[in-house]
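Summary of the model geometry
Letter by letter, the chains look like this.
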Amino acid sequence: MSGIGSYGSTLFELGGFPARIGMTVLSLIVVPKSLMGLILVDRWGRRPLLMASAFGLCLSCITLAVAFGVKDVPEIQNITPVFTFIGILSFTMMFAFGMGALPWVIMSEIFPMDIKVLAGSLVTIANWFTGWIANYCFNFMLVWSPAGTFIISAIVCGVTIVFTWCLVPETQGLTLEEIQLSFAST
């Protein structure tokens, strides 16, 4: 998300979509898309919503990879601006209602009280550091290959689905003791 957030205007321009319109639309949907996540988290649960979010992110990255991959193909290059807009918009929405907030919620629910502050601090440092690396590398990757950048991102999102399926517990409605027992049984 840090790459798309920082280079959104560049991506719109690279895809041939008016950056001013694209960024305005993204700005208008910031609050409603976050509210959607609030509504869905108690209906779906944390783990299913994380997997749905990662799946949506994966599809958005594939859409962007296709958009930039066909940019120079004369017969179908006209889909690039539309796919660019759809890809960036859907990526932002999928991130907001799942992957943007839920890891922080789950983190606060799985750590015992005696290590919550230290663990939370380490998770925050790791998050900001990896976000910085991703943001730093994003521009270089775009210069290398816009389509390749989003193929790699789609693969990472696919791995996130598998990781969530295998290792992330459902914490909705569970006490800390019940969560700890679920970790002990695995």
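Conventions we followed
- Residues numbered from 1 in each chain as written.
- Predicted model: local features only at pLDDT ≥ 70, side-chain atom pairs only at ≥ 80, totals over all residues.
- Heavy atoms only, no water.
- UniProt positions renumbered as here; feature names shortened; annotations may be inferred.
- Helix = DSSP H or I, 4+ residues; strand = E, 2+ residues; numbered from the N terminus.
- Buried < 20%, exposed > 50% of the residue type's maximum accessible area, 1.4 Å probe, protein only.
- Core = buried A, V, L, I, M, F, W, Y, C linked by side-chain atoms within 4.5 Å.
- Contact = heavy atoms within 4.5 Å.
- Salt bridge = Lys/Arg side-chain N within 4 Å of Asp/Glu carboxyl O.
- Axes fitted to C-alpha atoms, helices over the stretch in contact; angles between N-to-C directions.
- Parallel < 35°, antiparallel > 145°, perpendicular 65-115°, else oblique.
- Left-handed = near helix turned anticlockwise from the far one by under 90°.
- Nonpolar A, V, L, I, M, F, W, Y, C, P; charged D, E, K, R; others polar.
- Patch = residues over 30% accessible without salt bridge, like charges linked within 9 Å, V, L, I, M, F, W, Y side chains within 5 Å.
- Areas by Shrake-Rupley, 256 points an atom, 1.4 Å probe, with all protein chains shown as cover.
- 1 Å grid on protein atoms, 1.4 Å probe; cavity = no way out; pocket = protein on both sides within 12 Å on 5 of 7 lines; lining within 4 Å.
- Points joined across faces, edges and corners; volume = space filled by probe spheres on them.

The protein carries the name Major facilitator superfamily (MFS) profile domain-containing protein in an unreviewed UniProt entry, which gives Brassica carinata as its organism. Looking at the Sequence similarities (unreviewed entry) heading of the UniProt record, one finds this comment for the protein: "Belongs to the major facilitator superfamily. Sugar transporter (TC 2.A.1.1) family." UniProt lists a comment for the protein under the heading Subcellular location (unreviewed entry), and it reads "Membrane".

1. A closer look at the overall build of the protein
If you tally the helices and strands in the protein, you get nine helices and zero strands. Shown N-terminal to C-terminal, the secondary structure of the protein runs as helices and strands in the order α-α-α-α-α-α-α-α-α. Structurally, the protein occupies a C-alpha span of about 60 × 30 × 25 Å along its principal axes. Across the 186 residues in the protein, those meeting the buried criterion constitute 35%.

2. Considering the nonpolar core
Generally speaking, a soluble globular protein has its nonpolar side chains buried in company with each other. Of all hydrophobic cores here, the largest spans 37 residues; its most connected members are Ile4, Leu11, Phe12, Ile88 and Phe150. Among the elements that make up this core, the one with the highest residue count is helix H4 (residues 46-69) (nine residues). In contact with Phe150, not counting residues within four places along its chain, are Ile4, Leu11, Cys61, Leu64, Ala65, Phe68, Phe138 and Leu142.

3. Considering the UniProt feature "transmembrane region" (unreviewed entry) in the protein
Following the UniProt record, one finds the feature "transmembrane region" (unreviewed entry) at residues 20-41, 48-70, 82-105, 117-144 and 150-168. Spanning residues 82-105, this segment combines 92% helix with 0% strand, and its end C-alpha atoms are found 34 Å apart. Helix makes up 100% of residues 117-144 and strand 0%. Its end C-alpha atoms lie 40 Å apart.

4. As for the pattern of salt bridges
Inspection of the entire model under this criterion finds one salt bridge. Arg46 is paired through a salt bridge with Glu109; the nearest N and O atoms lie 2.9 Å apart. Placement of the pair is Arg46 in helix H4 and Glu109 in helix H6 (residues 102-110), with a sequence separation of 63 residues.

5. Comments concerning the packing of helix H1 (residues 2-14) against helix H2 (residues 19-28)
A pair of packed helices can be characterised by two numbers: the angle between their axes and the separation between those axes. Put simply, H1 and H2 touch, their axes get as near as 8 Å, and they point 135° apart. By the angle between their axes, H1 is oblique relative to H2. For the element pair H1 and H2, the recorded crossing hand is right-handed. Judged by residue contacts, Gly8, Ser9, Phe12 and Glu13 of H1 engage Ala19, Gly22, Met23 and Leu26 from H2. Classifying every residue of the contact of H1 with H2 by side-chain character gives four nonpolar, three polar and one charged.

6. Brief notes about a nonpolar patch on the surface
Taken together, the side chains of Val30, Val31, Leu35, Leu38 and Ile39 make up a nonpolar region of the molecular surface, amounting to roughly 470 Å² of accessible area. Topologically, Val30 is positioned in helix H3 (residues 30-44). What makes Val30 partly exposed here is its relative accessible area of 40%.

7. Points about the layout of surface pockets
Taken as a whole, the largest pocket spans an internal volume of roughly 1,600 Å³. Lining the largest pocket are 43 residues; nearest its centre among them are Met1, Phe95, Met99, Asn127 and Thr130. Among the secondary structure elements, those contributing two or more residues to the lining of the largest pocket are H1, H4, helix H5 (79-99), H6, helix H7 (116-144) and helix H8 (146-167). The leading source of residues in the lining of the largest pocket is H7, at twelve residues. Classifying every residue of the lining of the largest pocket by side-chain character gives 32 nonpolar, eleven polar and no charged.

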